[in-house]
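Coordinate analysis (summary)
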Amino acid sequence: MKSTRRSLLIAPCSLLLFMLALVWTPTALSTTDDQKERAPGRTMADQATRGKQLWITTDHSRLDALQKDFRSGPEVTQACLSCHTEAADQFHQTIHWTWNAYTTVNGSIHGKGGDSINNFCISANNMQDKGCLNCHPGWGMKTEAVNCLNCHGQKSINWEESFEDLEVFDGSKDPDEQEIANEIRGNIQAAIQSVVRPERQNCGSCHFKGGGGDGVKHGDLDTSLTKPNKALDVHMDADGRNFTCTRCHTTALHNIAGRVYTQPAATDRKSLIEDDLTTKITCEACHSSTPHNADTKANDHTDKVACQSCHIPEFARVNPTKMSWDWSQSGKTKDGKPYKTKDEFGKDSYLSIKGQMKWAKNVQPEYFWYNGSINSITARDPIDPSQVVRVSHPQGSRDEDNARIFPFKVHRGRQPYDKVHKTLLAPMLSGPDGYWKTLDWNRALTTGNATLNIPFSGEFDFVDTSYVFPITHMVAPKENALACNECHTRTNSRLASLTGFYMPGRDKFELLDSLGWILVLGHLLGVGVHGLTRMFTNGRKEGK
């Protein structure tokens, strides 16, 4: 009798065990993975980036060339070149100096020093807009001599003001003024002699504040990265790895790896194991294409999903970034005077000279197929004003071997265009004829387009535009990486805008779903039949 009862329980117990196995399998696999060897990609990354003792062979404070009484920036440059004889020639060939990348067949010069357009500050007007020259690595607002200390100086100093003050106070018979002159001279010499490899603050002095202010442009580059913690960036964590920018943006002949707007940042996705001379600009260089524990599903994603897509869940996590800029709203005044308003972050939400702006923090990226290059237009290229004009947009498709799903900040703008020529316009913003001084669009547009030698019809309106920035900094700790269901879900999938392929969990494919249910029901039926068979078989044996 007891044996018969046991046999009656076999079928439901078998079914229960099967269902529990389905529920517990992920946990069991997870436990197994934890017990396995550390992921090879992480081990390789540790080896590639393990602590290095950075050393130099020159104490610049002892060099005779740097002991003189400097009175101008170009004199400093000449002193640097007395030892580093090829540096200026090398640097003059780089995009950091020329601000130009290449010229197309129709004569358009790509680069902020040429015909390129954006949808925040719009144009550098062939380097004639002096406001933009604040970030050019020359002395003051001039482009004659390279200011080596922009990238290699450790001490921050206002060079133009210091040289002017030294000229005023030096030679005075007043002891107090002579003391001031000596102090200024000492500060200048200390700054000149404090030469280092580029630190984050050197790169950040321009790249953190591009577009007119902290965090305006990129979203993943702002002053919070000067000394970040691990929660903000696992690589640049000031108390951890403490990577400088050049740790990944490797350099040859002053050309810095990482250019993406006119060419891929890297043409090959090689690891340092495959080629120990490869640049470290890609994640694969240090982590390989299999960065996770063996047999984990995440390794199957690396051929189509960029590491950044999962490991940078949000950008602008400390400081806000500008997400939109509407120039058509500019020019308003109160009581005949320009005015401004602030938002909840303390940022300018409206300026008479700039228009309406929106800022945001903890922004979820937008995702596109991306092969490493970005297509952009210039002030010479025709546009369709009836559509949102994509001033820049990622290149790539699912069918390309080198393309990945990649995260981006998309900055949306509204800016002036020529109604007759159907081209975007390049207003002059600063200076006596600039819009910020006159609030006169016709005057600013006429002056600005003249710097590019591009005709302006005199008829203009405003058009909606978009501009993209790849998100690749602010890598979060692994525990904050995206969960599978952030993308593989029917509702609110991060990848909802990417279509043309089937994604499990996100998309509904009737035939595949039906086959899946048939398999599940078939397994359940098989378990049930097996249990019933065992029950009746045992019962007959006991009856004999």
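A brief look at the structure comes next.

The rules we used
- Residues numbered from 1 in each chain as written.
- Predicted model: local features only at pLDDT ≥ 70, side-chain atom pairs only at ≥ 80, totals over all residues.
- Heavy atoms only, no water.
- Helix = DSSP H or I, 4+ residues; strand = E, 2+ residues; numbered from the N terminus.
- Buried < 20%, exposed > 50% of the residue type's maximum accessible area, 1.4 Å probe, protein only.
- Contact = heavy atoms within 4.5 Å.
- Areas by Shrake-Rupley, 256 points an atom, 1.4 Å probe, with all protein chains shown as cover.
- Patch = residues over 30% accessible without salt bridge, like charges linked within 9 Å, V, L, I, M, F, W, Y side chains within 5 Å.
- Salt bridge = Lys/Arg side-chain N within 4 Å of Asp/Glu carboxyl O.
- Arc of directions from axis to C-beta.
- Polar contact = N/O pair within 3.5 Å; in protein donor to acceptor, adjacent residues only side chain to side chain.
- Phe/Tyr/Trp six-rings, centres within 6.5 Å; stacked < 30°, edge-to-face > 60°.
- Lys NZ or Arg CZ within 6 Å of the ring centre and 35° of its normal.
- Core = buried A, V, L, I, M, F, W, Y, C linked by side-chain atoms within 4.5 Å.
- Pairing = 2+ DSSP bridges.
- Axes fitted to C-alpha atoms, helices over the stretch in contact; angles between N-to-C directions.
- Left-handed = near helix turned anticlockwise from the far one by under 90°.

With that settled, consider the overall build of the protein. Assigned secondary structure in the protein consists of 14 helices and 17 strands. Split into buried and exposed, the 544 residues of the protein put 41% on the buried side. For the protein, the share of sequence-separated contacts (at least 6 apart) that also reach a separation of at least 24 residues comes to 68%. For the protein, the exposed area adds up to about 30,000 Å²; of that, 54% sits on carbon and sulfur atoms.

A few words on a nonpolar patch on the surface. There is a patch of nonpolar side chains on the surface, built from Tyr502, Phe509, Leu511, Leu515 and Ile518 and spanning about 500 Å² of accessible area. Mapped onto the elements of the fold, Leu515 is located in helix α14 (residues 510-543).

With a phi close to 55 degrees, Asn126 is a non-glycine residue in the positive phi region. Tracing the backbone shows Asn126 in the loop between β2 (109-110) and α6 (149-152). The class for Asn126 is partly exposed, based on a relative accessible area of 35%.

So, on to helix α13 (residues 441-451). What α13 keeps buried is the set Trp441, Ala444, Leu445, Gly448, Asn449 and Thr451. Angular distribution of buried residues about the axis of α13 spans 145 degrees; they occupy a single face of the element. Along its buried surface, α13 packs onto β15 (404-418), α12 (435-438) and β17 (460-470). Regarding α13, its N-cap is Asp440, as a side-chain oxygen of that residue lies 3.1 Å from the backbone nitrogen of Asn442 further along. Positive phi shows up at Asn453, right after α13, with a value of about 60 degrees.

Turning next to the environment of Thr58. Counting through the fold element by element, Thr58 comes out in the loop between α2 (40-49) and α3 (73-81). Sequence separation between Thr58 and Val195 is 137 residues, and the spatial gap between their C-alpha atoms is 9.7 Å.

Here we come to the packing of aromatic side chains. Counted by the stated rule, this structure contains 17 aromatic pairs. For the ring pair Trp139 and Trp159, a centre distance of 5.4 Å and an interplane angle of 85 degrees mean the geometry is edge-to-face. Placement of Trp139 in the loop between β2 and α6 and of Trp159 in helix α7 (residues 159-169) is noted, with a sequence separation of 20 residues between them. Three or more aromatic residues joined by ring pairs make a cluster, and in this case those are Trp325, Trp327, Tyr435, Trp441, Phe460 and Phe462. Lying over the aromatic face of Trp99, Lys112 brings its terminal NZ or CZ to 5.6 Å of the ring centre.

All right, on to the nonpolar core then. Ranked by internal contacts, the top residues of the largest apolar core, which has 31 residues, are Ile117, Trp327, Ile383, Val389, Val391 and Leu424. The set of elements that each furnish at least two residues to this core consists of β10 (355-360), α13 and β17. Broken down by element, this core gets its largest block of residues, four residues, from β17. Beyond its immediate chain neighbours, meaning those up to four positions away, Trp327 contacts Phe120, Ile122, Ile353, Lys354, Arg414, Gln415, Leu429, Tyr435, Trp436, Trp441 and Phe462. Cys80, Ala145, Trp159 and Ala191 belong to the second-largest nonpolar core, a separate cluster that totals 16 residues.

Here we come to the side chain of Ser288. Turning to its location among the elements, Ser288 is positioned in the loop between α10 (283-287) and α11 (307-311). The exposure class assigned to Ser288 is buried, which follows from its relative accessible area of 14%.

The tally for this structure, following the rule as stated, stands at 15 salt bridges. For the salt bridge of Lys68 with Glu75, the shortest nitrogen-to-oxygen distance reads 3.8 Å. Lys68 sits in the partly exposed class, given a relative accessible area of 40%. Given the relative accessible area of 27%, Glu75 is considered partly exposed. The residue Glu486 makes a salt bridge to Arg494 at a minimum N-O spacing of 3.1 Å. A residue is classified by how much of its surface remains accessible, and Glu486, at 31% relative accessible area, is partly exposed. In this structure Arg494 comes out as buried when scored by relative accessible area, which is 7%.

Think of an α-helix as 3.6 residues a turn; residues three or four steps apart then line up on the same face. Taken as a whole, α3 has its buried residues at Gly73, Val76, Thr77, Ala79, Cys80 and Leu81. Where the residues of α3 are buried, they touch α4 (87-92), α6, α7 and α8 (175-193).

This part takes up the pairing of strand β9 (residues 348-351). Bridge analysis of strand β8 (residues 340-342) against β9 gives three bridges, and the strand direction is antiparallel. Paired with Thr341 across the strands is Tyr350, a residue of β9. Linking two consecutive strands that pair antiparallel, namely β8 and β9, is a turn of five residues; a positive phi of about 80 degrees is found at Gly346 within it. Of the strand pairs in this sheet, β9 and β10 are connected by two bridges, and their pairing is antiparallel. Residue pairing across strands places Leu351 opposite Gly355, the latter belonging to β10.

The next subject is the environment of Ile405. As for its position among the elements, Ile405 is in strand β15. Its relative accessible area of 4% is what places Ile405 among the buried residues. As for Ile405 and Val305, which are separated by 100 residues in sequence, their C-alpha atoms are 4.7 Å apart. Residues contacting Ile405, with those up to four places away along its chain left out, are Lys304, Val305, Ala306, Ser309, Tyr367, Phe368, Trp369, Leu495 and Leu498.

Between α7 and α8, the shortest axis-to-axis distance is 9 Å and the interhelical angle comes to 145 degrees. Pair α7 / α8 crosses with left-handed handedness. Judged by residue contacts, Trp159, Ser162, Phe163, Asp165, Leu166 and Phe169 of α7 engage Glu177, Gln178, Ile180, Ala181, Ile184, Arg185, Ile188, Ala191 and Ile192 from α8.

A few words now on the environment of His60. Summarising the element assignment, His60 is placed in the loop between α2 and α3. On the basis of relative accessible area, His60 is assigned to the buried category, the value being 15%. Sequence separation of His60 and Val195 is 135 residues, and the distance between their C-alpha atoms is 6.8 Å. Each residue touching His60, except ones within four places of it in the same chain, is listed here: Leu66, Gln67, His84, Gln193 and Val195.

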